[in-house]
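# Examining the three-dimensional arrangement
The lines below spell out each chain.
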Amino acid sequence: MARYIPPVQSKAGQVFDIAVVVVAIFVALWLPLELGFAGAAKSIDPLDTKTWDALGQNATMASIWEKLGYTPETAHDIIQNHFHYIIDWPTLIIMAIVLIAYFVFLFRASDKEYREVINEKFDDK
């Protein structure tokens, strides 16, 4: 039986594949930020009195903020900037269905290709 020799990819093909993967990763990370999907639950919890005590800062923390050039008014937006985690159930369910469907497709396609290779190599046995 002949030993399987995989096809050889050219250097230009390898560089093109790497470029496509890098662009795909960049777009996958950048696009949600650009469309406003990332950090959508982020908001500033305003306080009426902007003092270090109201912001939950002790004397040591307040002195560090002041060394950095902040006052309670300028540090307010930084300290009170919180993520509010809210689960959007329909979106979560749709994402779970898409991921499960993708893995089912992936396993079926891989199984089909695996069986084709086995039949190609061992069809006579």
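Here the structure is shown first, and the text comes after it.
Residues numbered from 1 in each chain as written. Predicted model: local features only at pLDDT ≥ 70, side-chain atom pairs only at ≥ 80, totals over all residues. Heavy atoms only, no water.

### A closer look at a nonpolar patch on the surface
How we decide: Patch rule: a residue counts if its relative accessible area is over 30% and it has no salt bridge; like charges are joined within 9 Å, and nonpolar side chains (Val, Leu, Ile, Met, Phe, Trp, Tyr) within 5 Å. Reported accessibility uses the Shrake-Rupley method at a 1.4 Å probe radius. Residues are deemed covered only where the shown protein chains occlude them. For this document, the term salt bridge refers to a Lys or Arg side-chain nitrogen within 4 Å of an Asp or Glu carboxyl oxygen. Helical segments are the DSSP runs of H or I of at least four residues, strand segments are the runs of E of at least two, and each set is numbered from the N terminus.
A cluster of nonpolar side chains, Ile94, Met95, Val98, Leu99, Tyr102, Phe103, Phe105, Leu106 and Phe107, forms an exposed patch at the surface whose accessible area comes to about 920 Å². Checked against the element boundaries, Tyr102 lands in helix H4 (residues 89-122).

### Notes on helix H3 (residues 72-79)
Our working definition: Under the scheme applied here, a residue whose accessible area is under 20% of the maximum for its type counts as buried, over 50% as exposed, and between as partly exposed, the area being computed with a 1.4 Å probe on protein chains only. Summarising the geometry, the arc corresponds to the directions from the helix axis toward the C-beta atoms. Contacts are residue-level and defined by heavy atoms, with any inter-residue pair within 4.5 Å sufficient.
Within the sequence span of H3, burial applies to Pro72, Ala75, His76 and Ile79. What you see down the axis of H3 is that its buried residues fit within an arc of 130 degrees, all on one side. Looking at the buried positions of H3, the neighbouring elements they touch are strand E1 (42-44), helix H2 (59-67) and strand E2 (81-83).

### As for the pattern of salt bridges
Tallied over the full model, the rule gives one salt bridge. A salt bridge links Arg115 to Asp111; the shortest N-O distance between them is 3.1 Å. Residue Arg115 and its partner Asp111 are located together in helix H4, separated by four residues, close to a single helical turn.

### Some points on the packing of aromatic side chains
Test applied: Working definition: a ring pair exists when centres of Phe, Tyr or Trp rings (six-membered ring for Trp) sit within 6.5 Å. Plane angles under 30 degrees give stacked, over 60 give edge-to-face, the rest tilted.
Using the criterion set out here, one finds five aromatic pairs in the structure. On the numbers, 5.4 Å between centres and 65 degrees between planes, the contact of Tyr102 with Phe103 is edge-to-face. Note on Phe103: relative accessible area 41%, which makes it partly exposed. Each residue in the set Trp52, Trp65 and Tyr70 is aromatic and connected to the rest through ring pairs, giving one cluster.

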